[in-house]
Amino acid sequence: MARPYLLLSPAILSLALLMVAPVVFVLIYSFWLRTAEGLDVPAFQFGNWVNFFTDGFYWRALASTFKTALITTVICILLGYPTAYFLARAQIRNRGLLLFLMFLPFWVSYIIRTMSWINVLGKNGFVNAVLVGSGLIDEPMKLLYNDFSVIMGLVYFMLPYMIINVYVSLDGIDRNLESAARVLGCTPWQSFREVTLPLSLPGLGAGSLLCFVLAAGSYVTPRLLGGTDTLFFPDLIYEAIISQLDWPFGAVLSIVMLLALGLVIAVYNRFMNLSDVYRSFAR
Amino acid sequence: MSAAAPRANSRPPREGAFGWALLRLCSIAVYIFMFAPIVVVILLAFNSSRSGAFPMEGFSLQWFGKLFANDSIVEAFKTSLILAATSSALATVIGVMAALALVRYDFRGKEGIQTFLSLPLLMPEVVMGVALLMFLKFLSMPRSFAVLLLGHTVLSLPYVVLLVQARLVGLRSSYEEAAWTLGANRIQTFFEVTLPLISPAIVGGFLFAATLSFDNITATLFWKKPGIETVPTKIFAMLRTSVSPEINALGAVMIVITILLPLIGGYMVRRFAKAR
């Protein structure tokens, strides 16, 4: 009877030792004292937390991170839903091939995909080369190293997640329900609004949560594509830990990040089913 | 927008047609959006210009030559490959065991364990990176290859579990029961019956884990020992200055590899499936 537990123990142990224990330790570390000499001393004091709560800079960073993640998610919905609908419902011969192509960018290295936007949007990038070359504009536009390019990079990274989640949920809808709505006098738009859209909400929800959480937690995209005034929370964590070596404060920022995203996930789980999100990874 | 396709003839042709035209346009735009940047990288890799950007000045293979002569990049490739192979092997062994337990047995706390094993999927990688780094420092363990190995294993473990689980659900246990009835013990049954049957799932899980490890950058930046570089962190470091034609060549090489790998993987899985 102990067999399933025996089979599970390596997985549980490795997560407990390499993820849970470390996160608990970060929480403990956030109360440690950083001395003037730059040493971290075990203590239980709230100095680091007070520093965080009284400095508006970090709140602005958190707000700007969530705003960017939200815009990314909305764009992913606006571009992803119609595309997923087309892939699921259009009478096309090469559906399999088109789906395969949508999966392909997943496999291309993340850093290369992110970097490629420098080639597209840069001063001598593709867009400016085309626009200047065709005489539409005289001077290259400043498209790179601002919030716009960060959002482009994040949408590029997240869009396939959205499309696949919505596609799978559209594909799972019993088509007879849509036919029934039409037979009973719905216009195509009504049948979509009243039947198809509500039934595809689990996929749309899962895709949106993934977009938001992964975008808000990303470090490399804002770092490579953002400008000097781009405020991104994970970047602040990296700076605190690796550059300034202020680990107690880095620990505070990490816990805040975890709690803020945990709150988003908890709210989501209140209305939708989190296991849909997990399952979507197995496809 | 339209409802079921078979009824296409009965709907007023104009409004439906307009909706579909819009949908088609949006989809085409999305596909262009997805592939244009990749094409631009490959294009620029063959550009003879020194700047690594437009305009295209001529066709050249010199950047590929420079790339393979660059020892630090070759070194990073080796590190990444070894890391991907070892961490995904470890994750596959641990993950397949867990998936078997979750699919084949009913036991108390199953739901909770399932959720627990999926936790890292939504965990911000930066926090994951910080946490393990601090914890190891606390245990007085220096950053090393072993840290990267263990870290990458944990990062890809939930994917392997979910992937293998999804495949196992479709596999009936009657084959295993037949083997037991015919006198095979549990271990024999596993190696003679179960393992061959789930080998496509295992290969799939392994390849996915290897890709995740090869691709990982954020957590790796926290865990790597100074001086050790994987391919993504090496590219990241090179990008600090600017995009050079060499990086475009490296990008092109990686695009080709990463597109070929799943193709080969998919082909092999199909071969395995046919051979059964």
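Above: the structure in question.
Structural notes, computed from the coordinates. (Residues numbered from 1 in each chain as written. Chains lettered and ligands numbered in written order. Predicted model: local features only at pLDDT ≥ 70, side-chain atom pairs only at ≥ 80, totals over all residues. Heavy atoms only, no water.)

1. With respect to the overall build of chain A
When you go through chain A residue by residue, the secondary structure sums to 14 helices and 2 strands. Each principal axis of the C-alpha distribution contributes one length, and for chain A these read about 75 × 75 × 35 Å. Here chain A holds 283 residues, and 53% of them are scored as buried. About 12,600 Å² of surface is accessible on chain A, with carbon and sulfur atoms providing 67% of the total. (Helix = DSSP H or I, 4+ residues; strand = E, 2+ residues; numbered from the N terminus. Buried < 20%, exposed > 50% of the residue type's maximum accessible area, 1.4 Å probe, protein only. Areas by Shrake-Rupley, 256 points an atom, 1.4 Å probe, with all protein chains shown as cover.)

2. Considering the interface of chain A and chain B
Many authors give the size of an interface as the accessible area that is lost as the parts come together. The interface of chain A with chain B comprises 95 residues on the first partner and 89 residues on the second. Here chain A and chain B share 6 residue pairs in polar contact (both at pLDDT 80 or more) between them. A class-by-class count of the residues in the side of chain A that touches chain B yields 77 nonpolar, 12 polar and 6 charged. (Contact = heavy atoms within 4.5 Å. Polar contact = N/O pair within 3.5 Å; in protein donor to acceptor, adjacent residues only side chain to side chain. Nonpolar A, V, L, I, M, F, W, Y, C, P; charged D, E, K, R; others polar.)

3. Quick notes on the pattern of salt bridges
Two side chains with opposite charge may pair up if their charged atoms get near one another. Counting across every chain of the model gives 10 salt bridges over all chains. Two residues, B:R104 and B:E176, come together in a salt bridge whose shortest N-O distance is 2.4 Å. Placement of B:R104 in helix α3 (residues 71–104) and of B:E176 in helix α7 (residues 174–181) is noted, with a sequence separation of 72 residues between them. In this structure B:R104 comes out as partly exposed when scored by relative accessible area, which is 24%. Taken together, the shared-partner salt bridges in this structure form one network comprising A:R34, A:D40 and A:D246. (Salt bridge = Lys/Arg side-chain N within 4 Å of Asp/Glu carboxyl O.)

4. Notes on the environment of A:E139
Residue and element names in this part refer to chain A. Structurally, E139 can be placed in the loop between α6 (126–133) and α7 (147–171). Classification of E139 by relative accessible area gives exposed; the value is 62%. For the pair E139 and P105, spaced 34 residues apart in sequence, the C-alpha separation works out to 32 Å.

5. What about the packing of α7(B) against helix α8 (residues 186–215) of chain B?
All names here are of chain B. Between α7 and α8, whose axes approach to 10 Å, the crossing angle comes to 150 degrees. Regarding the angle of α7 to α8, the classification is roughly antiparallel. At the point where α7 passes α8, the crossing takes the right-handed sense. Seen from α7, the contacting residues are Y175, E176, A179 and W180; seen from α8, they are R186, T189, V193, T194 and L197. Class assignment for the residues of the contact of α7 with α8 results in 5 nonpolar, 2 polar and 2 charged. (Axes fitted to C-alpha atoms, helices over the stretch in contact; angles between N-to-C directions. Parallel < 35°, antiparallel > 145°, perpendicular 65-115°, else oblique. Left-handed = near helix turned anticlockwise from the far one by under 90°.)

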